[in-house]
Structures are given as structure tokens and as C-alpha cells.
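These are the residues of each chain, in order.
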Amino acid sequence: MAVISALAVLSCTTKTNNMPEGSTALRSPDGKLELRFAVTEAGVPEYSLSREGAAVILPSSLGYELIGLDDLRDGFALDDTAYNTFDEVWEPVWGEEASIRNHYNELLVTLSKAPRKEGGKPTVMKVRFRLYDDGLGFRYEFPMENSLTYFNVKEELTEFALTGDHTAWWISGDYDTQEYNYTESRLSEIASHSAGMRLSNASQTQISPNAVQTALQMKTDDGLYINIHEAAVLDYPTTNLDLDPRSMTLRTWLTPDAEGVKGRLQAPCHSPWRTVMVCASATDVLASRLILNLNEPCALEDVSWIHPVKYMGVWWEMITGKSSWSYTDDYPSVQLGVTDYAKSNPHGHHGANNENVRRYIDFAAENGFDGLLIEGWNEGWEDWFGAQKDYVFDFVTPYPDFDLPALNAYAHARGIRLIMHHESSSSTVNYERHMEAAYSLMDKYGYNAVKSGYVGNIIPYGEHHYSQPLINHYHYAIVEAAKHHIMVNAHEAVRPTGLCRTWPNMIGNESAMGTEFRSAINPGHTTILPFTRLQGGPMDYTPGIFEQDMSVTAPGQEGKMRHTLANQLGLYVTFYSPLQMAADLPENYARFMDAFQFIKDVAVDWDKSIYLQAEPGAYIVTARHPKLSTLNKAAEGTSSLPDGKVGIVNNATRFVYALSEKASARELSKVRARDVWYVGGVTDENEREVSFALDFLKPGLKYEATLYADAPDADFETNPQAYTITHSVVSSEDSLTVRMARAGGFALSLREK
Ligand code: NOJ
Ligand code: CA
């Protein structure tokens, strides 16, 4: 329940941060952050932000440049200021903790410009500021009573004037992809590095050499962590941030649509939130829920059909080139409804064939997984890529060697749900025309999750992956999926901005460089993503690659991934996602079943997360406690135990986490819940030793610790598969010291004895 109480307001007239006399101020609930707002003599709205008296954002202007209308950059008068305080605790459907506090102080300023003509309406623009203990959110609002009704944006003029040449972790500004390695550099060095960031990508539109994408993580020389992002981007383009290196000022740079318009607005409306997270430590950045809190509460009444998912896929074998998505080499091009696949000659290396899919189902079922993704099941893959075809897939017609009803029946009988794949090839017009039939087919055969994809340039031609029409498309796909009780994991879609709070069926997104980039991924990439990409929502990073040498996985292929095996285990804890893949091939896991045990055991939904140690671009160590009420449905469910008791059991390991809620009082009194924690660590290209106290464990209990660590001679370049598994008994009074090899890591399970 939301509690709206009296306001916490400050009125001030001093000149901190050089704001004009008479500026309006707002403090965070803990009093440490202070926002100031003023309108300059020229009528320019400005804000600034400080923490404990030290400037974080210097006076920065707000406004818009419009197409064919007067700009919204100056000439404003401040009509009204209104304050509010809000404090609530809400429970995410899935997440890193069972409950999240949403506590902020709010300032709403109303600005107006006099009508141009007598009798006309004034131009009204409001700015709503929400100040949390860990940062600021603000957005523009345009009420109905306004001279502006329909208006098109030339550019949003929001500034973030920084206090210095901070260290930054960034990827290049781009209208179409986030699939880049991150660079760590001073802000002033962005331009000199950005051209070198280009990787081959099916759709890439870099913009200014000084532009970067949100979320931008920075660190000041005084050790303050500042993160600039956006929240709740809906019906509005996504922004880049363009740096003016002379003034160290970042400016919004929106993604244009095919006609160059950067937002078509209709009052009443509002922009997404612009956010400035300010934290004293890197672990506080990981613990921040600023972006989620700025999103609207859950829009769904019934969420019982939404489940965290641990899955495998007929996928890595296509990514590595061992097999293919396509079925035949007979035709230079195919046309759905015309090409008769049944009469073609299969080329013999189609991954999604009945026999191979059954092999994966068996392996996934034996090892307690919930789901299995199958790509390349449907007709059209022969010329899906590069041709920029409009009608490329119909999403309902399987290849002749993929027996959709039979394979689903086979999977369901073994407790596995198949995960549907819809590669749109970025023809969103084609995807939308087939969407209802595609989702209905899923309903008919019992698919409850889809991985969608947007590879290549967008159709409608000229649109970008992050322009307003595409933002609306991704949202439409989520909302329509919810009507069918379908969970969505979209690849190449826009980076998430916390919308999973409102639409928790959005259980995954790629929207960054994931393991599919194989040897191109820099060591340390995964120590940055939780600070940047994951601030907006979970990522389908697809961890768990045990075989780094691609020539072993797919004979004839080249390249070595730059991580150790233990590093991949650590990711299941350091990377939060309710949708977690074991991405490697069954045959690669079969060679390391003792290490694979951790992937089988680890939970994917948590009631508590503790960020023990972190530094972007260097290392992350995280401890998490599983949420018992929404355990993995297939891997962990209510089971009858051999002695007649009823408990929540990991079906793969038979470990009893807790009693079922359905257990009777008598049963409850007989069997006590056993506690469990998981800890994971990852490091960059530097080897390092980490020590941490186990004081998060329940005092007085003994836990069996199983540590999966890099062996002493492990190294990502020379010996990536060398690991040790050690067992010990520990309590909350103990500490552990673990060495991580270069690009290494560790995983630890702690089970009450
Ligand atoms: C790119 C996605 O990221 C990848 O996971 C998928 O396999 C291919 N597109 C094909 O859809
Ligand atoms: Ca991708």
C-alpha cells in the first residue's frame, strides 16, 4: 500500500552550485542529495544536483527544440511549485529481492510562456523531479490545457553538466545496436576511442564521436559513482548522450524516426524519466532500484503464469557454426507459400531436427531444467539475413523435419516446456501481421515463452531499432503476449528501462553484447554490464560456456572465448536474470558434470541479494538467497519425500529447501526448512584474491560449502578449464578467501546441514 505523507521541503535562497537566488530546493529522504531548480533571467529552466554539499551536476538547462513551433528553451515563467513525499514497499513478481522500498521526495514545477496572440492559450511545460536516497529522476509533462496539442520534437535539450573529466564505462552512441564491448576511459577520451568500437553487426548506426549510450556509468576522482540512464521509455525514442568535451556537459540526443522526427507527441503526455544515480560505492550502484521504482506498478492482475525459467537451447550449435538454422541449400532464395520444402533436398546439418531436439529434451529433463529453446524450427531461414525481406517468416510453419506437436508432447511428458523462437529479421511489419496467429499457435501447443529477435535493418524502411515507432512495437509485442500468457525475451530490441516492473512477462532481453560474440568479448565485459545494461532489467546473456575453444565445439571453426570455466559459473549469481540459460552443448557439459552441478543447483529468483564487493571493469562478488515462493517450477517443486513428508525440493539434486506452503501443520512441525545461499564472483583480465565474511548466514547453523574455483594453474588463455571443487563446513562466523584466475571467477553453494 502506498503511503503519501506530508512533504519534506526546503526553501532556500543561498547560492550553492551557482544557482540563481531564490532557487527552489528539494532534499532526498536521507537529506544527503539536494536538487535545486530555478528559471534564469532569460527564462531558461535549470536544475543542479549535489551530494552532502558537493556538486554532482552543475546548473544544467532543460527544454526542447520543436519542429515548426517555438522552442521550449527560454522565455519561461515559473507558475507553480508543488511538493510531495511518497513511501511504499512493493513486491516484484520476480527479482533480486522479495520487496523493494520506493521512497522519494517530489517537486513538480509548472512553467509557462504567455500566448503569442491575444486570446491564445499559454504554452505549459511541467517538470516532475523525484529525489531518492540513491539518485534523481525527472521528466517533462505536457498537460492538456496548453497551446501544444500535437507537436514534433527536433531535439530534447536536457543537459547534465558534469563537475570534471570522470572515468567512464561506455559504449558508442548508436541508433540500432548495443552490441559493443565497453570501454573504460576518461570522458575526454571518448571521441578518440569510439571509432575503434565498431564490430561487424547487422545493423549499426553510430552517431557523433562523442556520443555514448545510456546507461553511462561514471566515477569521479573523489570516488563517487554517477550513473545516467532513462526509465520507462514508452511512446518516445530512446536517447543517447552527447558529450561537449569543452564544458564536460552531456546532452540528450534522441533517436530519429524515418523522417528525422525525434518524437511525435500529443498532449497530455510526458517524456521518459531521465535519471542520475549517485552512490558512494560500486556495491550501492548494484543495489539501487532507482530505475524500477520510477516505472509504474504491475499492470497485470493475474501473474500466476509468470515463472522464472532455467533453460537450455538448440542454439549454441548454430551460433558456433556446428549446425545451421536453415534446412536446404537448394535455392538462392525462398518464398513462403511458394517454396515447397518437402520436395527440397535437406543439406543435412539442420540443428532443429526431431532427433536432435529429442536429445536436448532428454538432457534438459535429466538435469532438472524448465525449458528448451529451439531456433531454426520454422521455414524461411535460407535467405533471412541481409536481404532485408519484408515477408521473411510466417512464425507458424515448421520445417519438414520438425514435428511441432510431437516434440511438444515429448517435452511435456518429461517436464520441459519448449521455448518458441520468433526471429523477425527486423521486419516488424511482418511480425505484427503474423503475431496473433503466432501467439495462438504457441497457446495451442503449450509454449509459454518466446524469444524474439530483431537482426538487421528495420522494416518499415529507414526506421531505427530505438526510434519511437519501434519502442511502440516492442511494447505492443509484450502487451499482446500478456493476453496469451506468454513470457517474452527480446533480442536486439531496445535496452530495457525498468518496464519489467509494469510488464513482468518481459522476463528477458539481450540488448547488449552476449556470449554469441564469442572470442570478441573482452575479459571484464561481464563486470561492467551489471552497472550499465542490467540497471534497466535482466539480460539473457546466455552464460555457461564450458568449452572456450570453438574448434572443439564446431570442428573447422576458429576462436577462443576469453574466460575460465569457473568464471562462467560465477555469472549465474553476479548476473541477475529470471531467465537463465545453460548455453553450451549437452556434450560439452557431459565432460564436466561435477561443475555442471552448480548450474543445476543455482536458483533464478531471489528474496535477498547482497553485493559483497564490486568495481566496474574489475570484479563483482554477490551473495543471493533463493525466493522460496516462486521456485523454478520444473527444477524445484513440491515433492513427496521418501519419508512421507512434503517439501520444496530441487528435483535435480533432491535438496530440500523448505516445506511447501501446501504442507499441513503437522508436516510443518516435523520438517524444518533448510537454508541455502549462493555466492558468485567474476574478475576481469587481472587475477585477484577476494576475502569475504559469511556473516549473511543464519547465526548458529552449520552449512555445507561447495566451492567451485579456478585451479591454481587456471588461466583464461592457457588453461581455462582447470577448476577445483572443494567441500567444507562453515558458519556465519567464518570468512572465505578465494583466488580468481585472469578472466576467472568462482561459485559457491552454502547449504544448511
Ligand atoms: C541474434 C540473437 O542474439 C541470437 O541469439 C539468435 O540466435 C540469432 N539472432 C538468430 O535469431
Ligand atoms: Ca544479438
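The preceding data block contains the structure.
Residues numbered from 1 in each chain as written. Chains lettered and ligands numbered in written order. Predicted model: local features only at pLDDT ≥ 70, side-chain atom pairs only at ≥ 80, totals over all residues. Heavy atoms only, no water.

This paragraph deals with helix α6 (residues 404–413). Residues separated by three or four positions in an α-helix point in the same direction, a consequence of the helix having 3.6 residues per turn. Within α6, the full set of buried residues consists of L404, L407, N408 and A411. Each buried residue of α6 lies within a common arc of 100° when the element is viewed along its axis, so the set occupies one face. For α6, the secondary structure elements touched by its buried residues are α5 (354–366), β26 (417–423) and α7 (428–445). The positive-phi residue at the C-terminal boundary of α6 is G415, with phi of around 80°. (Buried < 20%, exposed > 50% of the residue type's maximum accessible area, 1.4 Å probe, protein only. Helix = DSSP H or I, 4+ residues; strand = E, 2+ residues; numbered from the N terminus. Arc of directions from axis to C-beta. Contact = heavy atoms within 4.5 Å.)

What follows concerns the coordination of the calcium ion (ligand 2). Protein coordination at the calcium ion (ligand 2): the donors are E179 (OE), E492 (OE), E510 (OE), E510 (OE) and E516 (OE), at 2.2 to 2.5 Å from the metal. Geometry at the calcium ion (ligand 2) is irregular, judged from the 6 donor atoms that bind it and their angles of 53 to 166° at the metal. Taken in chain order, the donor set of the calcium ion (ligand 2) reads E-x312-E-x17-E-x5-E. Look at E510 and you get buried, because its relative accessible area is 2%. (Donors = N, O, S within 2.8 Å, 3.2 Å for Na, K, Ca; no water. Tetrahedral: all angles 85-135°; square planar, octahedral: opposite > 155°, others 65-115°.)

What follows is about the site of ligand 1. Neighbouring ligand 1 are 13 residues; E375, E423, K451, H491 and E516 lie closest to it. In this structure, an oxygen atom belonging to ligand 1 sits 2.6 Å away from a side-chain N or O atom of K451. Between ligand 1 and the protein, one listed contact pairs an oxygen atom with a side-chain N or O atom of E516 at 2.7 Å. In isolation ligand 1 exposes 300 Å². Once the protein is present, 95% of that is buried. More than half of the atoms belonging to ligand 1 lie within 2 Å of the grid points that define the largest pocket. (Near = heavy atom within 4 Å. Polar contact = N/O pair within 3.5 Å; in protein donor to acceptor, adjacent residues only side chain to side chain. Areas by Shrake-Rupley, 256 points an atom, 1.4 Å probe, with all protein chains shown as cover. 1 Å grid on protein atoms, 1.4 Å probe; cavity = no way out; pocket = protein on both sides within 12 Å on 5 of 7 lines; lining within 4 Å. Sits in = over half its atoms within 2 Å of the grid points.)

Of note, M218 is situated in strand β17 (residues 216–219). As for M218 and N522, which are separated by 304 residues in sequence, their C-alpha atoms are 19 Å apart. Sequence-distant contacts of M218, defined by excluding residues within four places in its chain, comprise L162, H166, T167, A168, W169, L187, L224, Y225, I226, I228 and L250.

Let us now look at the sheet that holds strand β7 (residues 64–66). Strand order in the open sheet formed by 3 strands is β7-β12-β21, with antiparallel pairing between adjacent strands. At either end of the open sheet lies a strand with only one pairing partner, and these are β7 and β21 (264–266). Direction aside, the axes of adjacent strands within the sheet are offset by 50° on average. For β7 and strand β12 (residues 150–156), the ladder comprises 3 bridges, and the chain directions are antiparallel. The partner of E65 across the bridge, within β12, is E155. (Pairing = 2+ DSSP bridges. Axes fitted to C-alpha atoms, helices over the stretch in contact; angles between N-to-C directions.)

Nothing here speaks to function; it is all geometry.
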